Structures are given as structure tokens and as C-alpha cells.
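This is what each chain is made of:
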Amino acid sequence: PALDAWGNVLANLGASRGAIEKYKRALAVAAPDQSAHILHNYGQVLLRAGYILRALRKFREAFQRDGNGHDSAYMTGQCFIRLKRPKGALKWMRMAVDLAPKDPRAQLGLGNAWLADGRHADAEAQYRRALELDPACVDAHYNWAVSLSQQGEFGKAVRHCKQGLRMNRDGFELLAQQ
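All of these numbers come straight from a predicted model, not from anything done at the bench.

Enquirer: Before we go on, may I ask you to explain helix H9 (residues 138–150) in this structure?
Expert: Along an α-helix, a turn takes 3.6 residues, which lines up residues three or four apart on a common side. End to end, H9 covers 19 Å across 13 residues, agreeing with the expected 18 Å (1.5 Å per residue, within 8%). A large share of H9 lies buried, amounting to ten of its 13 residues. Within H9, the full set of buried residues consists of Val138, Ala140, His141, Asn143, Trp144, Ala145, Val146, Ser147, Leu148 and Ser149. At the exit of H9 stands glycine 152, carrying a positive phi of roughly 80°.

Given below as C-alpha cells:
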């Protein structure tokens, strides 16, 4: 646990290399029931550092060790979205939603996977579900606006941006999209 905590501290300080080394050492000595958590943290650092494929492997391995880890399924889906592989993203985001149906972030992730696949109606349904679960989910408004603007529905897109801005006045992405 101490090596994992030290890796977390280094990661939060932006020292990706140091954090990666601590996670490697932590995995070498960790009990099997702790390894999924360490692998997930390791994947987060790799993803932040731009090592998408390596992060993908760590998240998948974390999920294999803890089949109830909706966070690892979600992050695996995020990796597939970044790799522009929507089919893989859909598979993993569906798993995340199945494991945590009341998690607005999982609903948002599935919406983003649908959006990456060009299925706007399905994406918007997921964003609507995320907003039902958490009305303050600004990212759902932003991504819904992106979907609408891709379809040429700019007036509706602006309205979603404004709704998101009411919740987060400093929402730069929403301002830029508007």
C-alpha cells in the first residue's frame, strides 16, 4: 500500500516516470486482492502520460482481476475512444453501465462511445440518462451539444451549451463550443 500511495503522490505532482516505477514495484509485492487497484492507478498515469495502449492493457488487466470494477471497464472504454475504435469503446462502456447503471459517468461514457460511432440518437439518449441521474452533469450538456452541432442543429447545440453554462459559468469548453 505504501508504494501505491507514493505512486499516487508522484502522479498528482506530475512525475509520471516516478509514479510508473512505484506502481511496478507495488505490483511486484502486492497481494492479489490489492493488485486490481494498483493496476487501475497505473493505467491512469499511463493514460495521462499519453501511453494509451499501455494504459488500455493495465485497465483490462485490472478488470480481469476485479470483474466488478466498473471504473476499469469505463477507463478501458475511454482508451478505445482515444484510439478511435468505437466498437471496442461500446463493448467496454456497456459493461461499465451494466455494472453501475446509476453512475452518470458510465452513462456519459456510453454516450461518447455512441457519438464516436456516429450514432447520434443513441448518444443523445445516454446523455439524457446521465442528466436524469445527475442534473449537474455539465459534460453531458457539452457532449450533447457536440452531437447536435455535428448534425447541423446549431440552435439546439447553443441551448445545451447555455444550460451547461448555468451550472458551470467557468466552463471553457462550453463557451468555446457555443
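Enquirer: Before we go on, may I ask you to explain the layout of surface pockets in this structure?
Expert: Rolled over the atoms, a probe as big as a water molecule pinpoints where empty space is left. Computed from the structure, the largest pocket encloses a volume of approximately 170 Å³. If you trace the largest pocket, you find ten residues lining it, with Tyr74, Arg105, Leu108, Asp139 and Asn143 closest to the centre. At the level of secondary structure, the elements contributing two or more residues to the lining of the largest pocket comprise helix H7 (104–116) and H9. In terms of residues, the lining of the largest pocket owes the most to one element, H7, which gives four residues. Classifying every residue of the lining of the largest pocket by side-chain character gives five nonpolar, two polar and three charged.

Enquirer: I keep staring at the packing of aromatic side chains and nothing clicks. Help me out?
Expert: The geometry of two aromatic rings is summed up by the distance between their centres and the angle between their planes. On inspection of all chains with the given rule, the structure shows one aromatic pair. Relative to tryptophan 92, the ring of phenylalanine 63 has its centre 5.2 Å away and its plane inclined at 85°; by these criteria the two rings are edge-to-face. Of this pair, phenylalanine 63 sits in helix H4 (residues 52–65) while tryptophan 92 sits in helix H6 (residues 86–99), and the two are 29 residues apart along the sequence. Since its relative accessible area comes to 13%, phenylalanine 63 is described here as buried. Tryptophan 92 sits in the buried class, given a relative accessible area of 7%.

Enquirer: Any chance you could explain the side chain of histidine 160 here in plain terms?
Expert: For histidine 160, the position within the fold is in helix H10 (residues 154–167). At a separation of 3.2 Å, a polar atom in the side chain of histidine 160 contacts the side chain of histidine 141.

Enquirer: Just to check I follow, could you spell out the environment of alanine 106 for this structure?
Expert: By the secondary structure assignment, alanine 106 is in helix H7. Judged by relative accessible area, which is 1%, alanine 106 ranks as buried. The spatial distance from the C-alpha of alanine 106 to the C-alpha of aspartate 71 is 8.4 Å, given a sequence separation of 35 residues. Residues within four places of alanine 106 in sequence aside, it is in contact with Tyr74, Ala96, Val97 and Ala100.

Conventions adopted
- Residues numbered from 1 in each chain as written.
- Predicted model: local features only at pLDDT ≥ 70, side-chain atom pairs only at ≥ 80, totals over all residues.
- Heavy atoms only, no water.
- Helix = DSSP H or I, 4+ residues; strand = E, 2+ residues; numbered from the N terminus.
- Expected span 1.5 Å × (residues − 1).
- Buried < 20%, exposed > 50% of the residue type's maximum accessible area, 1.4 Å probe, protein only.
- 1 Å grid on protein atoms, 1.4 Å probe; cavity = no way out; pocket = protein on both sides within 12 Å on 5 of 7 lines; lining within 4 Å.
- Points joined across faces, edges and corners; volume = space filled by probe spheres on them.
- Nonpolar A, V, L, I, M, F, W, Y, C, P; charged D, E, K, R; others polar.
- Phe/Tyr/Trp six-rings, centres within 6.5 Å; stacked < 30°, edge-to-face > 60°.
- Polar contact = N/O pair within 3.5 Å; in protein donor to acceptor, adjacent residues only side chain to side chain.
- Contact = heavy atoms within 4.5 Å.

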